[in-house]
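Here are the chains, one letter per residue:
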Amino acid sequence: MAPLNPSPPGEPPLSRDGGVSEQRALWASDMNRAAFHSADLFAAILAWGGIGWLLDRWLGTAPWLMVTGFLIGNALGLYLAWLRGSGTGSDAVTKQEGTPGASE
């Protein structure tokens with residue numbers, strides 16, 4: 001009698017649900033990554049827009065510095081999302097630190 005989910009020799013056996021739980025875990029990790037990228041983008045836009053709004057109130061130049069702050073925040077948020085998504089940001093540094101021979 002053959003097993004329900006045969007796996008290649010030397011590999012751990014598949015789960016009873018045919019790997020669906022592994023697919024769900026992978027999907028959930030991708031959703032977490034997307035949520036963090038979205039939060040980074042949103043926080044950058046709000047932070048720089050808020051800085052522009054405060055400067056507008058202080059200098060009396062409304063709404064120009066706030067608009068400029070939103071544009072800067074959008075650009076920096078997209079850049080941060082691109083860095084983390086391409087694997088050159090802080091996520092890649094922490095992944096490389098755990099690899100053997102990285103400190104040589």
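Residues numbered from 1 in each chain as written. Predicted model: local features only at pLDDT ≥ 70, side-chain atom pairs only at ≥ 80, totals over all residues. Heavy atoms only, no water.

Visitor: Can you walk me through the overall build of the chain in this structure?
Guide: On a plain count of helices and strands, the chain comes out with 3 helices and 0 strands. Along its sequence from the N terminus, the chain presents helices and strands in the succession α-α-α. Looking at the chain residue by residue over its 104 residues, the buried ones come to 12%. Long-range contacts, defined here as pairs at least 24 residues apart, represent 36% of the contacts in the chain between residues at least 6 apart. With the model as given, the accessible surface of the chain reaches about 8,300 Å², and the carbon-plus-sulfur share is 67%. (Helix = DSSP H or I, 4+ residues; strand = E, 2+ residues; numbered from the N terminus. Buried < 20%, exposed > 50% of the residue type's maximum accessible area, 1.4 Å probe, protein only. Contact = heavy atoms within 4.5 Å. Areas by Shrake-Rupley, 256 points an atom, 1.4 Å probe, with all protein chains shown as cover.)

Visitor: What am I meant to see in unusual backbone geometry here?
Guide: A negative phi angle characterises most non-glycine residues, just as the trans form characterises most peptide bonds. Put simply, A62 and P63 share a cis peptide bond, and its omega is -5°. Locating P63 in the fold gives a position in the loop between α1 (20–59) and α2 (64–86).

Visitor: Whenever I open this one, α2 confuses me. Can you help?
Guide: In an α-helix, one full turn covers 3.6 residues, which means residues spaced three or four apart are oriented alike. Here α2 is 23 residues long and its end C-alpha atoms lie 33 Å apart, about the 33 Å a rise of 1.5 Å per residue gives. Regarding α2, the residues found buried are G69, G73 and G77. (Expected span 1.5 Å × (residues − 1).)

Visitor: Would you explain a nonpolar patch on the surface in this entry?
Guide: Taken together, the side chains of W48, I51, L55, W58, L59, I72 and L76 make up a nonpolar region of the molecular surface, amounting to roughly 690 Å² of accessible area. Breaking the nonpolar patch down by element, the ones donating at least two residues are α1 and α2. When residues of the nonpolar patch are assigned to their parent elements, the largest contribution, 5 residues, is made by α1. Relative to the helices and strands, L76 resides in helix α2. Under the relative-accessibility criterion, L76 is labelled partly exposed at 40%. (Patch = residues over 30% accessible without salt bridge, like charges linked within 9 Å, V, L, I, M, F, W, Y side chains within 5 Å. Salt bridge = Lys/Arg side-chain N within 4 Å of Asp/Glu carboxyl O.)

Visitor: Please clarify how the side chain of D56 should be interpreted in this entry.
Guide: Counting through the fold element by element, D56 comes out in helix α1. Lacking a salt bridge, the buried D56 has R57 as its closest oppositely charged neighbour, with an N-O distance of 9.5 Å. Within the structure, D56 has its side chain in polar contact with the backbone nitrogen of L65 (distance 3.1 Å). For D56, the contacting residues outside a window of four places in its chain are T61, A62, P63, W64, L65 and M66. (Lys, Arg positive; Asp, Glu negative; His and termini not counted. Polar contact = N/O pair within 3.5 Å; in protein donor to acceptor, adjacent residues only side chain to side chain.)

Visitor: I keep staring at the environment of L71 and nothing clicks. Help me out?
Guide: Relative to the helices and strands, L71 resides in helix α2. A relative accessible area of 59% places L71 in the exposed class. Along the sequence, L71 and A44 sit 27 residues apart, while their C-alpha atoms lie 10.0 Å from each other.

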